[in-house]
Amino acid sequence: MTAPAAPDLLALDRAAQDLLFRAARTADTFTDEPVTDAQVAAIHDLIRYGPTAYNGQPLRLLLLRSPESRARLLPYVSSSNRAKTSSAPLTAILAADVDFHQRLPELYPHRPQARDWLADRAARVDQARFNATLQIGYLIVGVRAAGLAAGPMAGFDVAGVQREFFPDGRHEVLLLLNLGHPGPHTGPTRLPRLAAEEVIRTLDG
């Protein structure tokens, strides 16, 4: 006798759950189908509602699509990431705007003094990097929601990319992200994930 299926306690239907998480993979190959500016804008329109401290939204994307812009990036990318980056339909440099606090009177209007709380640059950079990293997580899920695949990469010369693309020092580079329609997956089978009981504890008292 077959055991009854466990109840699905999530609000998303099973197909959406699979699209966003279970069936999604970090992409290492892509088809030739382009990723348009309209698609990227639609992804951003979805993920911009993810929470950030002070509603600061410090994540910035620099899109590299042309061969010329990609040629400027490739010398700074590790050898293991270079081929996939040169062949992806679109690569985004993900960075934190360390002057995000200048927009707080508009984005956090019920605390007009919030901009002054972040006058110290060191504290502001920490906030910008942390919250932009949160937004990168939202972004990857948003890319999947658009039916695309994301290939995040940390294997690159951060200081070199910083000098090449953001020489004014206003942005702190965090990650590279290839985007596109996924091609055949050439990496390993899905690696193990920790079970809930290995991750979650409840403190009583």
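Look above for the structure.
Residues numbered from 1 in each chain as written. Predicted model: local features only at pLDDT ≥ 70, side-chain atom pairs only at ≥ 80, totals over all residues. Heavy atoms only, no water.

### Description of a nonpolar patch on the surface
- Taken together, the side chains of L194, V199 and I200 make up a nonpolar region of the molecular surface, amounting to roughly 330 Å² of accessible area.
- Within the fold, I200 resides in the segment after α9 (196–199).
- For I200, a relative accessible area of 57% translates into the label exposed. (Patch = residues over 30% accessible without salt bridge, like charges linked within 9 Å, V, L, I, M, F, W, Y side chains within 5 Å. Areas by Shrake-Rupley, 256 points an atom, 1.4 Å probe, with all protein chains shown as cover. Salt bridge = Lys/Arg side-chain N within 4 Å of Asp/Glu carboxyl O. Helix = DSSP H or I, 4+ residues; strand = E, 2+ residues; numbered from the N terminus. Buried < 20%, exposed > 50% of the residue type's maximum accessible area, 1.4 Å probe, protein only.)

### Overview of the packing of helix α2 (residues 37–47) against helix α7 (residues 121–145)
- Relative to each other, α2 and α7 sit at 125°, their axes nearing to 9 Å. Taken together, α2 and α7 sit at an angle that is classed as oblique. Seen along the crossing, α2 lies across α7 with a hand that is right-handed. Each of I43, L46 and I47 in α2 lies in contact with α7, whose residues at this interface are Q135, Y138, L139, G142, V143 and A145.
- Here the contact of α2 with α7 is built from residues that sort into 7 nonpolar, 2 polar and no charged. (Axes fitted to C-alpha atoms, helices over the stretch in contact; angles between N-to-C directions. Parallel < 35°, antiparallel > 145°, perpendicular 65-115°, else oblique. Left-handed = near helix turned anticlockwise from the far one by under 90°. Contact = heavy atoms within 4.5 Å. Nonpolar A, V, L, I, M, F, W, Y, C, P; charged D, E, K, R; others polar.)

### Looking at the nonpolar core
- L94, I136, L139, V143 and L177 are the most contacted members of the largest nonpolar core, which totals 28 residues.
- Mapped onto this core, the elements with two or more residues apiece are α2, β2 (90–97), α7 and β4 (171–180).
- The element best represented in this core is α7, accounting for 7 residues.
- Counting residues in each nonpolar core, the second largest holds 12 residues, with A95, F165, F166 and V173 among its members. (Core = buried A, V, L, I, M, F, W, Y, C linked by side-chain atoms within 4.5 Å.)

### A closer look at the sheet that holds strand β1 (residues 59–64)
- The strand order β1-β2-β4-β3 describes an open sheet built from 4 strands, whose pairing is antiparallel. Unpaired on one side and paired on the other, β1 and β3 (149–153) mark the two borders of the sheet. On average, each strand axis in the sheet is tilted by 30° relative to the strand beside it, whichever way the strands run.
- The pairing of β3 with β4 spans 5 bridges and is antiparallel. Residue pairing across strands places G151 opposite N178, the latter belonging to β4.
- Relative to the sheet, helix α4 (residues 79–87) contacts β2, β3 and β4, its axis offset from that of β3 by approximately 145°.
- In this fold helix α8 (residues 158–165) packs onto β1, β2 and β4, with an angle of close to 95° to the strand it touches most, β4. (Pairing = 2+ DSSP bridges.)

### Focus on the pairing of β2
- Most of β2 sits out of view: 8 of its 8 residues are buried.
- Of the two faces of β2, both are covered, the one formed by L90, A92, L94 and A96 as well as the one formed by T91, I93, A95 and D97.
- Bridging between β1 and β2 involves 6 bridges; their strand directions are antiparallel. Bridging across to β2, L64 finds its partner in T91.

### Details of the packing of aromatic side chains
- Counting across every chain of the model gives 2 aromatic pairs.
- When the ring of Y54 is compared with that of Y108, the centres are 5.7 Å apart and the planes differ by 85°; the resulting orientation is edge-to-face. Of this pair, Y54 sits in the loop between α2 and β1 while Y108 sits in the loop between α5 (104–107) and α6 (114–117); the two residues are 54 residues apart in sequence, bridging distant segments of the chain.
- Ring pairing ties together the aromatic residues Y54, Y108 and W117, which thus form one cluster. (Phe/Tyr/Trp six-rings, centres within 6.5 Å; stacked < 30°, edge-to-face > 60°.)

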